[in-house]
Each structure stands twice: as C-alpha cells, then as structure tokens.
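Understanding the architecture of this molecule
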Amino acid sequence: MRAYQYAATTLLLSLNAAATEVPANQDKGEFVAIASIAPDVIQDIRYFSDDNFVGAPVDGYEAAKCILHRDAAKALAAAQEQASKQGYTVKVFDCYRPQRAVDHFVRWVNDETDLKTKSEYYPNLGKDELLGGYIAAKSGHSRGATVDLTLVDNKTGEELDMGSPFDMFDTLSNTDDPRVSETQRANRYLLRDIMVANGFAPYAMEWWHFSLKPQPYADTYFDFVVK
C-alpha cells in the first residue's frame, strides 16, 4: 500500500475508534419512521439484507425501515408529493444509519481478503481507494438527515435508469459523469431537482445521495439501532 494510503487508513481507523464511543442510548425522540409520514415511499433498505457492497446484513439494522429526523422526514414527504404529481414514486435505499454500521463499513474496507462484491460495486478500484470519498469513519447518515434514494416510474413500476446502480463506487456514479446517456442524465437531474426543491443538497460523487440543509444535528452521530 502506498504511503499516503496507509496514512489515510490509519487516520480513518483512529477516527473510527473515537466514533464508537458514541452512546447507543441517545435521545431519538425527534426521529420518525418515514412510513408514518409518507406511506407511499418505497423502502428497499439494502443494509438490512445482503444485497449491498458488504455482501451481508450490516450491524445496526434489525428492520428494513427508513428512519429520519422529523425535519428530514417532512422534507422527504414533500419530495414524494412532488414526485407523485410528476408520475413517480420515491424509493429509499438508506436513511438514518447507526454509527455501528459505519464502523462495520470501515472494518470491511480494511479486510483485504473479502473481495466477493468487487465486480459489482467497485470493479475499477482497489479497496484502499474507497477510503475518504466513498467510505469514511463518520457519515452524515448518522445524523438522521441524509438519504439515499431513486425514483420509480409509476407507469412501469421500474426504477429510472440512472446509468449506474446504487452504491457503485466509481466515477460513473458522479451526477455529471460524461459517460452516461442523455436519458440517464435527465433522470439524474429529475431526481436532483425534486430533492433540491424540497430542501436537500446533492452530493456530486453519488447521484443517489442527498442531505437536508441545514442539518438538524451538525456534529452529532447517533448509534441507536434501526428496528
């Protein structure tokens, strides 16, 4: 491993050690299940299953349930209402993410023997290259106001073609990657425009990733279990 990559790994592991000290019993009274506010939102919570880049259920997910801070949930409900008027339904892949799940991701990154999902999720990168841009020791998801999602066409029942699958670690997943088709780019922009119109900010490296602005908890990383 190159020297700078070793240093990055060491730094992330150090941050991760500190992050695990976040208590699991933090007050979660301001968090709600999206189903209680926007029941039409489709929930496909990937980290509850083995259909994800880890290839196994992720620590902290005991239910396939989208939980968000109430402000983010209300904003997502508004996004769903707008999408519905345009003939689409919001489909979420991940919402609130416990810190212990992020810890699981970092352990996975540092296990050089586990490459079973490489061809599907990071075909052009080494695991050591995932640190930082794609996987870090702390995630905005753990603040309860970041969501990963796509759109489903109500006429066909199919997800819109976004040019790369959810959680594909590659520049192809950058919102403005020049390799995607005109239709795929239009689909990405449709999702982005709906989310931005309802208070979310996009993340340029991942077409599916949006965070409410401002964040209700700018410096807090929750660790209660999704159940």
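Refer to the structure above for everything that follows.
So, a few notes on the structure that sits alongside this text.

Rules behind the numbers
Residues numbered from 1 in each chain as written. Predicted model: local features only at pLDDT ≥ 70, side-chain atom pairs only at ≥ 80, totals over all residues. Heavy atoms only, no water. Helix = DSSP H or I, 4+ residues; strand = E, 2+ residues; numbered from the N terminus. Contact = heavy atoms within 4.5 Å. Phe/Tyr/Trp six-rings, centres within 6.5 Å; stacked < 30°, edge-to-face > 60°. Buried < 20%, exposed > 50% of the residue type's maximum accessible area, 1.4 Å probe, protein only.

Focus: unusual backbone geometry
Backbone torsion omega between Lys 213 and Pro 214 reads -5°, so that peptide bond is classified as cis. Within the secondary structure, Pro 214 is located in the segment after β7 (206–212). Here Asp 167, not a glycine, exhibits a phi torsion of approximately 70°, which is positive. As for its position among the elements, Asp 167 is in the loop between β5 (146–153) and α5 (182–197).

Points about the environment of Tyr 203
For Tyr 203, the position within the fold is in strand β6 (residues 200–203). Put simply, Tyr 203 and Arg 192 are 11 residues apart on the chain and 9.6 Å apart in space, counted from C-alpha to C-alpha. Apart from the residues within four sequence positions on either side, Tyr 203 is in contact with Gly 133, Thr 175 and His 209.

Some details on the packing of aromatic side chains
Counted by the stated rule, this structure contains 18 aromatic pairs. Taking the centre distance of 4.9 Å and the plane angle of 70° together, the rings of Phe 31 and Phe 222 count as edge-to-face. One end of the pair, Phe 31, is in strand β1 (residues 31–33); the other, Phe 222, is in the segment after β7, and 191 residues separate them in sequence. There is no split in this pair, since Phe 31 and Phe 222 are both buried. For the pair Tyr 47 and Phe 166, a centre-to-centre distance of 6.4 Å together with 45° between the ring planes defines the contact as tilted.

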